[in-house]
Amino acid sequence: MTEKKLECTEKKYNIADLKIVMTTYHEKTERQAASYTTEEDWKKENADGIINFEHAFYEDEKQHFMKNATYDSIEYIFTGSLFNRILLNFNGCMLHSSAVVVDGYAYLFSADSGTGKSTHAQLWLKHFGDKAFIINDDKPAIRFVDGEWYVYGTPWSGKTNQNVNTKAKLGAIVFIERAKENRIEKISIKEAIPLFFKQTIRKLQAEEKMDLVLDIMARILTENPVYKLGCNISDEAVITAYEKIRRV
């Protein structure tokens, strides 16, 4: 079955308070980014970042490296990766995590795929009801803006469309692991560094970009509380975490 190719579409977006011009060729990325489009009056040359790989790039990736992936998925992956690199120039980065907002603070639950970060985030929604929402279920952006660390929704939310074009102050970062009994503890920067690094951007061609990653990571971990949570799938897991990490 041949995939439907969209006409080349260039639009202006506001993502994580950055002016982005992105060109899409396939449906998923354009659909996911729809709520981030902007009518603000600025020119392309004044954008903070431009995302356009050209369709030939996606064809090459599919032919040589990602034969089983759809064009939709390839574009989605690479546009998100480039946005992450753009973030590095603006005091920010993405973290592979599910970000839940409660009482104005965003709490990021990060782990390897399949561990249960999204499942845990859904438990928060069930427990807090209308008081909580998911700002992004896979790739929220973290940025330092006007003296505060903020968490932003982005169009790149993994396999779901759970993302909101808004921001909230960063409450805490929590690395989770499965456990029979619920437990949570604050961890040192030394312990947090490999956990964080594993879940953010790692493959960079330019040495100076890696320096930016390490600098931003160090600042985030130094200036914000970081925890390790062992949890099961229960309401008690939410209570255990929230009572320890809440910022209100």
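Residues numbered from 1 in each chain as written. Predicted model: local features only at pLDDT ≥ 70, side-chain atom pairs only at ≥ 80, totals over all residues. Heavy atoms only, no water.

> I'm lost on the packing of aromatic side chains in this one. Help?
Centre distance and the angle of the planes are the two values used to describe a pair of aromatic rings. This structure, assessed with the given rule, holds 14 aromatic pairs. Between phenylalanine 53 and tyrosine 58, the ring centres sit 6.0 Å apart and the planes meet at 50°, which makes this aromatic pair tilted. Seen in terms of ring centroids, tyrosine 150 and tyrosine 152 are 6.5 Å apart; in terms of plane orientation they differ by 55°. Their pairing is tilted. Here tyrosine 150 and tyrosine 152 have matching classes, each one buried. Cluster of aromatic residues (ring-pair linked, three or more members): Tyr25, Phe53, Phe57, Tyr58 and Phe78. The positively charged end of lysine 167 is found above the aromatic ring belonging to tyrosine 150, 4.6 Å away from the centroid. The ring of phenylalanine 144 has arginine 219 lying over it, and the distance from NZ or CZ to the ring centre is 4.7 Å. (Phe/Tyr/Trp six-rings, centres within 6.5 Å; stacked < 30°, edge-to-face > 60°. Buried < 20%, exposed > 50% of the residue type's maximum accessible area, 1.4 Å probe, protein only. Lys NZ or Arg CZ within 6 Å of the ring centre and 35° of its normal.)

> Can you help me understand the nonpolar core in this one?
Side chains of nonpolar character tend, in soluble globular proteins, to be buried together. Of all hydrophobic cores here, the largest spans 25 residues; its most connected members are Leu108, Ile142, Ile173, Phe196 and Ile220. Where this core is concerned, the elements lending two or more residues are strand 5 (97-102), strand 6 (105-110), strand 9 (148-152), strand 10 (167-178), helix 5 (189-198) and helix 6 (207-223). If one sorts the elements of this core by residue count, helix 6 sits on top with five residues. In this structure isoleucine 142 touches Asn91, Gly92, Cys93, Leu95, Leu108, Trp149, Tyr150, Leu170, Ile173 and Ile220, once residues within four positions along its chain are discounted. Core analysis: the next-biggest nonpolar cluster, separate from the first, contains 24 residues, Tyr105, Phe109, Val174 and Cys231 among them. (Core = buried A, V, L, I, M, F, W, Y, C linked by side-chain atoms within 4.5 Å. Helix = DSSP H or I, 4+ residues; strand = E, 2+ residues; numbered from the N terminus. Contact = heavy atoms within 4.5 Å.)

> Where do I start with the side chain of asparagine 84 in this structure?
As for its placement among the helices and strands, asparagine 84 is situated in helix 3 (residues 71-87). In contact with asparagine 84, not counting residues within four places along its chain, are Cys93, Met94, Thr200 and Ile201.

> Can you walk me through the layout of surface pockets in this structure?
Roughly 1300 Å³ of internal volume is contained in the largest pocket. Lining of the largest pocket is provided by 42 residues; of these, His96, Ser113, Asp138, Lys139 and Gln199 occupy positions nearest its centre. Considering every element that reaches the lining of the largest pocket, the biggest residue donor is helix 3, with eight residues. Of the residues in the lining of the largest pocket, the class split is eleven nonpolar, 18 polar and 13 charged. (1 Å grid on protein atoms, 1.4 Å probe; cavity = no way out; pocket = protein on both sides within 12 Å on 5 of 7 lines; lining within 4 Å. Points joined across faces, edges and corners; volume = space filled by probe spheres on them. Nonpolar A, V, L, I, M, F, W, Y, C, P; charged D, E, K, R; others polar.)

> Would you mind showing me how to read the environment of valine 238 here?
By secondary structure assignment, the location of valine 238 is in helix 7 (residues 235-245). Counting along the chain gives 117 residues from valine 238 to alanine 121, while the straight-line C-alpha distance between them is 8.7 Å. Leaving out residues up to four positions away in the same chain, valine 238 has contacts with His120, Leu123, Trp124, His127 and Phe128.

> What's the story with the pairing of strand 5 in this structure? I'm lost.
Consecutive side chains of a regular strand alternate in pointing toward one face of the sheet and then the other. Counted residue by residue, strand 5 has six buried out of six residues, so it is predominantly covered. What you see with strand 5 is no split at all: Ser97, Ala99 and Val101 on one side and Ser98, Val100 and Val102 on the other are buried throughout. Examined bridge by bridge, strand 5 and strand 7 (residues 132-136) share four bridges and lie antiparallel to one another. Residue pairing for strand 7: valine 100 is matched across the bridge by isoleucine 134. (Pairing = 2+ DSSP bridges.)

> Just checking my understanding: could you explain the packing of helix 4 (residues 117-128) against helix 7 for this structure?
Two quantities define a packed helix pair, namely the angle between the helix axes and the distance between the axes. Where helix 4 contacts helix 7, the two axes come as close as 9 Å, and the packing angle between them is 85°. One element, helix 4, and the other, helix 7, form an angle in the roughly perpendicular class. Here helix 4 contributes His120, Leu123, Trp124, His127 and Phe128 to the contact with helix 7, which in turn contributes Asp235, Ala237, Val238, Ile239, Ala241, Tyr242 and Ile245. Its residues assigned to classes, the contact of helix 4 with helix 7 comprises nine nonpolar, two polar and one charged. (Axes fitted to C-alpha atoms, helices over the stretch in contact; angles between N-to-C directions. Parallel < 35°, antiparallel > 145°, perpendicular 65-115°, else oblique.)

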